[in-house]
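Summary of the model geometry
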Amino acid sequence: VTITTRLLVSHLSGIRHYEKDITKVKEEKEKANRALKLTKSHQDKEQKEKEGKVIEKTDCVKQKKEHDGGTKSQNSKPGRKDKEFEQEEYYLKEKFESVIESLKIFKNDPLFFKPGSQFLYSTYGFTLLSAVVERASGQKFTDYMLKMFRDLDMLSTVLDDNEAMIYNRARCYVYNKKGRLVNAPYVDNSYKWAGGGFLSSVGDLLKFGNALLYSYQAGQFKNRNGKLLPGYLKPGTVAMMWTPVPKTEVSWDRDGKYAMAWAVVEKNQQYGCCRQQRHYASHTGGAVGASSVLLILPEELDPEALGTWPVAPPRGVIVTIICNMQSVSLNSTALKIAREFDKEKRAQ
């Protein structure tokens, strides 16, 4: 088979995630699909009721309470059983000197499916991707990334190296089996720098989001006498990164598809005065003792007014949350915050 970097970056490579048993992976996917179908059927039922079907008010309230209660218990109950973090490889303590060396963890394991045929989120796919960057650039992946962070003025973004003295490094926490808050166990993330091995700050992630949004929009603004600097990336590159890839899915937003290292929801509205989707890109992060999200909601620009506006990119709302707690669902919270700020901007 052939595995390309595009397949790696969109999680279509067939390389396993932390679970080694393909049967268990299929079972979890089937459960998730059944849950999604139940949610969709509930939404369809609610929509039909709104369109004119009369039901008893008490039944409607009861249904909503049951639905809300299910959501709450699934997403926010302290100490809930999280099968993702039951995988032993989350808790590796071995230190790897290079990303090439860390490939030994999975390089001899069979692929779960033919590359390009199915979607499976894989941290190890990004470990292989980091090895590609290392060989192509001719320098260590970590050195390559730290130089890039410096270019982006992300001076607080560093390797999560246990031995290094890092100023203001946060302590991380988890819930134990009794639902009590305890310190997160010691792990070494050198086996997955690209897939969850960096420490950052809210300020740095906002800079990263601004740099991407600027790059995305820079080509839409008229360059006034050369005063508008180019973006860090070409506009077409970011547009490509934010274009949904077929056969992909997103666990944290059922409206989204996976693109190139980003989850993307496309602009969509089927009926007037009804539900509409705004275009946005996001990604969540989960590690032992920590959770995060970065969400970018670009402003909908008027092409005819761009030449006269006394403004420059980036235009939109960027939300980032970093939480030193494991298994916290943050994408919906970030989206609500972004929409509130967007609403305020529209009202001005």
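So, here's what we can say about the structure. In this text the structure is predicted, and so the values were computed from the model without any measurement.

The subject of this paragraph is the sheet that holds strand β5 (residues 257-258). Here we have five strands laid out as an open sheet, ordered β5-β6-β9-β10-β11, and antiparallel in their pairing. Of all strands in the sheet, those bounded by a partner on one side alone are β5 and β11 (316-323). In this sheet, β11 lies alongside strand β10 (residues 290-298) in antiparallel orientation, the contact comprising eight bridges. Considered in β11, the bridge of Leu-297 is made with Val-317. Contacts from helix α8 (residues 202-218) reach β10 and β11 within the one sheet, and its direction differs from that of β11 by about 150°. The strands that helix α10 (residues 331-347) touches are β9 (280-287), β10 and β11; relative to β11, the one it contacts most, it runs at about 150°.

The next point concerns the pattern of salt bridges. The full count for this structure, using the stated rule, is 15 salt bridges. Arg-315 is paired through a salt bridge with Glu-299; the nearest N and O atoms lie 3.6 Å apart. Of this pair, Arg-315 sits in the loop between β10 and β11 while Glu-299 sits in the loop between β10 and β11, and the two are 16 residues apart along the sequence. Under the relative-accessibility criterion, Arg-315 is labelled partly exposed at 22%. One network of salt bridges, with partners in common, ties together Arg-16, Lys-20, Glu-89 and Asp-109.

Rules and cut-offs
Residues numbered from 1 in each chain as written. Predicted model: local features only at pLDDT ≥ 70, side-chain atom pairs only at ≥ 80, totals over all residues. Heavy atoms only, no water. Pairing = 2+ DSSP bridges. Helix = DSSP H or I, 4+ residues; strand = E, 2+ residues; numbered from the N terminus. Contact = heavy atoms within 4.5 Å. Axes fitted to C-alpha atoms, helices over the stretch in contact; angles between N-to-C directions. Salt bridge = Lys/Arg side-chain N within 4 Å of Asp/Glu carboxyl O. Buried < 20%, exposed > 50% of the residue type's maximum accessible area, 1.4 Å probe, protein only.

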